[in-house]
Amino acid sequence: MQGSVAQALASPLVRLVLVLIGAGLLYTLGRELKKIPPKLMVLMATAFMDMVGLLMVVPLLPFYVKKLGGEGVNVLGMHLGIGILSGVIASAFTVAQLLSSPMWARFSDKFGRRPALLIALSAAGVAYLVFGFAESLWLLLLSRIVQGAGGGTVGVIQAYVADTTEPEHRARNLGWLSAATNLGVALGPVVGAFAVVLGRKDLLPGGAELRMGQAAPGIVAAMLCLITILFAWRYLKESKTLHHHESERRRPKEAVLRVLTNTSDPISRLIWIYAIAIGAFQGTFPILPLFLNYKFQVTEETIGYFFMYIGSISVFARVLLLGKLVDRMGEARLSRFGLVLLAAGLGTMPLAPNLFFLALSVAMLPLGTAFTFPCVTALLSRVINPADRGLYMGLQQSFGGVSRIIAPLWAGFAFDALGHGIPFFTAAAVVLGTISLGLGLDQYAKRPAPSPAA
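Values in this document were obtained by computation on a predicted structure and should not be read as measured data.

Tell me what's going on with helix α18 (residues 422-433), and back it up with residues and numbers.
In this model, α18 (12 residues) spans 17 Å end to end at C-alpha, consistent with the 16 Å of a helix rising 1.5 Å per residue. Buried residues of α18: Pro 423, Phe 424, Ala 427, Ala 428 and Val 431, and no others. Projected onto a plane normal to the axis of α18, the buried residues spread over an arc of 135° and lie on a single side.

Describe the packing of aromatic side chains, and please don't skip the residues or the numbers.
The full count for this structure, using the stated rule, is eight aromatic pairs. Summarising the aromatic geometry, the rings of Tyr 64 and Phe 131 are spaced 4.8 Å apart at their centres and angled 20° between planes, so their arrangement reads as stacked. One end of the pair, Tyr 64, is in helix α4 (residues 61-69); the other, Phe 131, is in helix α6 (residues 113-132), and 67 residues separate them in sequence. For the residue pair Tyr 64 and Phe 131, the accessibility class agrees, reading buried in each case. Ring centres 5.4 Å apart and planes at 80° place the aromatic pair Phe 356 and Phe 357 in the edge-to-face group.

Lay out empty space enclosed by the protein with the relevant residues and their values.
Counted under the stated rule, the structure contains three cavities of 30 Å³ or more. Computed from the structure, the second largest cavity encloses a volume of approximately 40 Å³. Lining the second largest cavity, in full, are Leu 270, Ile 273, Ala 332, Ser 335, Arg 336, Leu 339, Leu 379, Gly 438 and Leu 441. Contributing elements (two or more residues each) for the lining of the second largest cavity: α12 (266-282) and α15 (331-348). With four residues, α15 is the largest single contributor of residues to the lining of the second largest cavity. Taken together, the residues of the lining of the second largest cavity sort by class into six nonpolar, two polar and one charged.

Before we move on, can you summarise the packing of α12 against α15 with the specific residues and values?
Closest axis-to-axis distance for the α12/α15 pair is 11 Å, and the angle between their directions is 20°. One finds that α12 runs roughly parallel with respect to α15. For α12 against α15, the interelement crossing comes out left-handed. Counted together, Ile 273, Ala 277 and Phe 281 of α12 and Leu 339, Leu 342 and Leu 346 of α15 form the full contact between these two elements.

Which residues make up the environment of Ala 317, and what values go with them?
Looking at the secondary structure, you find Ala 317 in helix α14 (residues 303-329). Separated by 138 residues in sequence, Ala 317 and Ala 179 have C-alpha atoms that sit 8.1 Å apart. Excluding residues that lie within four positions of it along the chain, Ala 317 makes contacts with Leu 322, Leu 367, Ala 370 and Phe 371.

Pulling in residues and values, what's your account of the nonpolar core?
In terms of nonpolar packing, the biggest core is built from 82 residues, with Leu 140, Leu 292, Phe 306 and Leu 346 touching the most fellow members. Filtering out sequence-adjacent residues up to four positions away, Phe 306 remains in contact with Leu 288, Leu 292, Leu 358 and Val 362. Counting 30 residues, the second largest nonpolar core, distinct from the first, contains Tyr 160, Ala 179, Ala 186 and Ala 378.

An account of α15 is requested, with residue identities and associated values reported.
The first and last C-alpha atoms of α15 sit 26 Å apart over 18 residues, in line with the 26 Å expected at 1.5 Å per residue. Among the 18 residues in α15, 13 count as buried, and that is most of the element.

Break down the environment of Phe 133 for me, citing the residues and quoting the values.
Tracing the chain through its elements places Phe 133 in the loop between α6 and α7 (137-149). For the pair formed by Phe 133 and Ala 215, sequence separation is 82 residues and the distance between their alpha carbons is 5.2 Å. Setting aside chain neighbours within four positions, we find Phe 133 in contact with Leu 139, Ala 215 and Ile 219.

The rules behind the values
Residues numbered from 1 in each chain as written. Predicted model: local features only at pLDDT ≥ 70, side-chain atom pairs only at ≥ 80, totals over all residues. Heavy atoms only, no water. Helix = DSSP H or I, 4+ residues; strand = E, 2+ residues; numbered from the N terminus. Expected span 1.5 Å × (residues − 1). Buried < 20%, exposed > 50% of the residue type's maximum accessible area, 1.4 Å probe, protein only. Arc of directions from axis to C-beta. Phe/Tyr/Trp six-rings, centres within 6.5 Å; stacked < 30°, edge-to-face > 60°. 1 Å grid on protein atoms, 1.4 Å probe; cavity = no way out; pocket = protein on both sides within 12 Å on 5 of 7 lines; lining within 4 Å. Points joined across faces, edges and corners; volume = space filled by probe spheres on them. Nonpolar A, V, L, I, M, F, W, Y, C, P; charged D, E, K, R; others polar. Axes fitted to C-alpha atoms, helices over the stretch in contact; angles between N-to-C directions. Parallel < 35°, antiparallel > 145°, perpendicular 65-115°, else oblique. Left-handed = near helix turned anticlockwise from the far one by under 90°. Contact = heavy atoms within 4.5 Å. Core = buried A, V, L, I, M, F, W, Y, C linked by side-chain atoms within 4.5 Å.

Here is the structure:
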């Protein structure tokens, strides 16, 4: 059964279907372009190209860890398996992101969103090159730290959307932005798999020989990052305008204490929902390729199609479903429904006996995230002071960062020591637990549209 799944993923028919899905995604986005505000369209293009580069690298990372780490390493008398090593390297990115996120948030509130994003993109380009030429686990770790340090700008991007969007349209526009990034999620791994194949080919005609080898994905990602920087420099306009005095802003320490101590506050509850759910979900990423390799014999050449499937559903959900469902249900109810779908997908994926049931389980993951995270972020933007928008959205990423540090370490340990399905079962339980935090937030949501019969 496992062999048949691996063969199915590698078959020309499946690849043709996935290519058609990619074409369908591009057609769907192209058809909807006229509905997108011009500023948001430029930001979407920037986020898309950046995400393609990132997702060229992320699915390959566990395979690189396996190549460089063999059966694991011994540190201070302890044996660290491939699962926990993948978790440590994934967490290193998040630690660096966590430490840099408040700095980027305040930087963007003071100096603007545009310079913060350009600096972050430059850091990513350097990280891709380090990744490409890494010949040890330490260099692999360094590449993730460098990228994490420049990757604390998710809150900046969300603040950019909030700067340029009316409150009632924020969930929809955040969904559009997520659609662009998830299109990058869908296409990036496929480009990464192509780069792996390209690295084995001789690039020079005649007798001379030039091969990029293992460095190919990193080199191609860095080149794409350079193109993104030039595009953003030329077309991305500043969104931040100063309407408030510095004295009106909260200090980062005060904001952190507010989230930690005032747990009944809607700001605190929304940040905790986002942080816990995204940590549980993304905590499974470092061991996901290892799980698929173990159970379904998915390899570094076929893992891209799996991520393309996730990204494709996510794009369609955000483009075709999110706005209509927000109008019908409101952000609060829709986010709770999304949490249920996300938990169901995580909990049933290890139980899938074949590719068909795996596809059904996996489909609930992008649907759950599409309905949860844009709605939670839109609700947060409604209940915070505009002067502190960058701060609190950066703080949301910081709390999510703590969660994304702990979760991969647990997932890696559980994968190695407790069973390959345990990380997914525990993640599902944690996601379900966040639903209680969202109860009573409907008063801050967009009012559902009246039914035709009303």
